[in-house]
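An overview of the molecular structure
This is what each chain is made of:
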Amino acid sequence: MKKDIHSLLLKKNRGEKIVSLTAYDYMTARLQEEAGVDFILVGDSIAMAVFGQKTTIGADLDVMIAHTKAVSRGAVNTLVVGDMPFGSYERSDSQAVKNAVRFLSEGGADAVKLEGGNNRSISRVRAIIDSGIPVMGHVGLLPQSIKQAGGYRVVYSNKRDELFEEAFALQQAGVFSIVFECIEEELAAELTGKLEVPTIGIGAGRFTDGQILVVNDMLGLSGDFEPRFVKKYVQLDSIILEALKKFSSEVRNGKFPSDSNVYHAREEK
Ligand code: KIV
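These figures come from a predicted structure and were not determined experimentally.

**Things to note about the sheet that holds strand β8 (residues 210-213)**
If you walk around this closed barrel you meet the 8 strands as β1-β2-β3-β4-β5-β6-β7-β8, and the pairing is parallel. In this sheet, adjacent strand axes meet at a mean angle of 25° when their direction is disregarded. Looking at chain direction, strand β7 (residues 199-202) and β8 are connected through 2 bridges and run parallel. Bridging from a neighbouring strand, G201 pairs with Q211 of β8. Against the sheet, helix α5 (residues 93-105) engages β3 (79-83) and β4 (111-113), with an angle of about 130° to β4. Helix α8 (residues 160-173) contacts β5 (135-140) and β6 (177-181) of the sheet and is inclined by roughly 180° relative to β5.

**Focus: helix α4 (residues 61-74)**
With 14 residues, α4 should cover 20 Å at 1.5 Å per step; its first-to-last C-alpha distance of 20 Å lies within 8% of that length. Every buried residue of α4 is accounted for by L61, M64, I65, H67, T68, V71, S72 and G74. Residues of α4 that are buried sit in contact with α2 (26-35), β2 (39-42), α3 (46-49), β3 and α5. Structurally, the start of α4 carries an N-cap: the backbone nitrogen of D62 is 3.1 Å from a side-chain oxygen of D60.

**Here we look at the pattern of salt bridges**
One side chain can pair with another of opposite charge once the charged atoms of both are near each other. Overall, the coordinates contain 14 salt bridges when judged by the stated rule. For D38, the salt bridge identified is with K11, shortest N-O distance 3.3 Å. Pair noted here: D38 is in the loop between α2 and β2 and K11 is in helix α1 (residues 5-14), with a separation of 27 residues, a long-range link. Note on accessibility: D38 and K11 belong to one class, buried. Among the salt bridges present, the one from D93 reaches R124, with a minimum N-O distance of 2.5 Å. On the criterion of sequence distance, the pair formed by D93 in helix α5 and R124 in helix α6 (residues 119-130) is long-range, its members being 31 residues apart. Take R124: its relative accessible area is 9%, and that puts it in the buried class. Each of K3, K11, R14, E16 and D38 takes part in salt bridges that share partners, so that together they form one network.

**Some points on the environment of F225**
With respect to the helices and strands, F225 occurs in the loop between α10 (215-218) and α11 (236-252). F225 has contacts with D217 and K232, leaving out every residue within four places of it along the chain.

Here is what the cut-offs are and how they apply
Residues numbered from 1 in each chain as written. Predicted model: local features only at pLDDT ≥ 70, side-chain atom pairs only at ≥ 80, totals over all residues. Heavy atoms only, no water. Pairing = 2+ DSSP bridges. Helix = DSSP H or I, 4+ residues; strand = E, 2+ residues; numbered from the N terminus. Axes fitted to C-alpha atoms, helices over the stretch in contact; angles between N-to-C directions. Contact = heavy atoms within 4.5 Å. Expected span 1.5 Å × (residues − 1). Buried < 20%, exposed > 50% of the residue type's maximum accessible area, 1.4 Å probe, protein only. Polar contact = N/O pair within 3.5 Å; in protein donor to acceptor, adjacent residues only side chain to side chain. Salt bridge = Lys/Arg side-chain N within 4 Å of Asp/Glu carboxyl O.

Put into structure tokens, the structure is as follows:
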């Protein structure tokens, strides 16, 4: 049975942790579904993880929809959330609805996520939900607003009132879940206990209802990017590098292709 937005709420109510990761391609999505991930986010982190950009600000809507399509094909029974990139929902409610619709109708996503809980974001969230599309909120550190915030800043209790206000406004607007990014553990825990909707933490400590990581980070495929909240479960970059070096040397010394890798005339039918 396909996992949907209601399964996240059920998990929160049962006290079961929600597991999520980002994915940007078909095969990674397939593997994540096989591993039992509860939802997959096609994050705007694609700008950095896949396209080598310095921030998520350059994530392109058309590109994200194409990658959402690939992920949805790979994880047909998993909840897929498309992350609305910077510039795709700021202008107006109708712009936000139009682009959210594209994530579902072209990308095959089940829901969208957008950043922030200020009045403008709340208006966009309401408009998208009114059009029948489930929305995931995102509070705390907002990578699309780093120019305004003056960089990547963890949210501590001096920002408590603002954080609580935004999270409750999102819940009131109807989001099915909220991502908590880089928030002091104590604050994230308190807010998680007060909210009815599930909270999904990244750098927000141990007590959110679920956890999400950027898949490239946890697989060791993001170079020397090592923030405290990332745990590398494997160092894929060195495994891949080893294989690439081996291939190069086997081509150069004539070991590859070997007889088992070639077609011979006698095999023709
Ligand atoms: O794009 C992304 O990877 C995200 C995560 C921080 C949750 O939004």
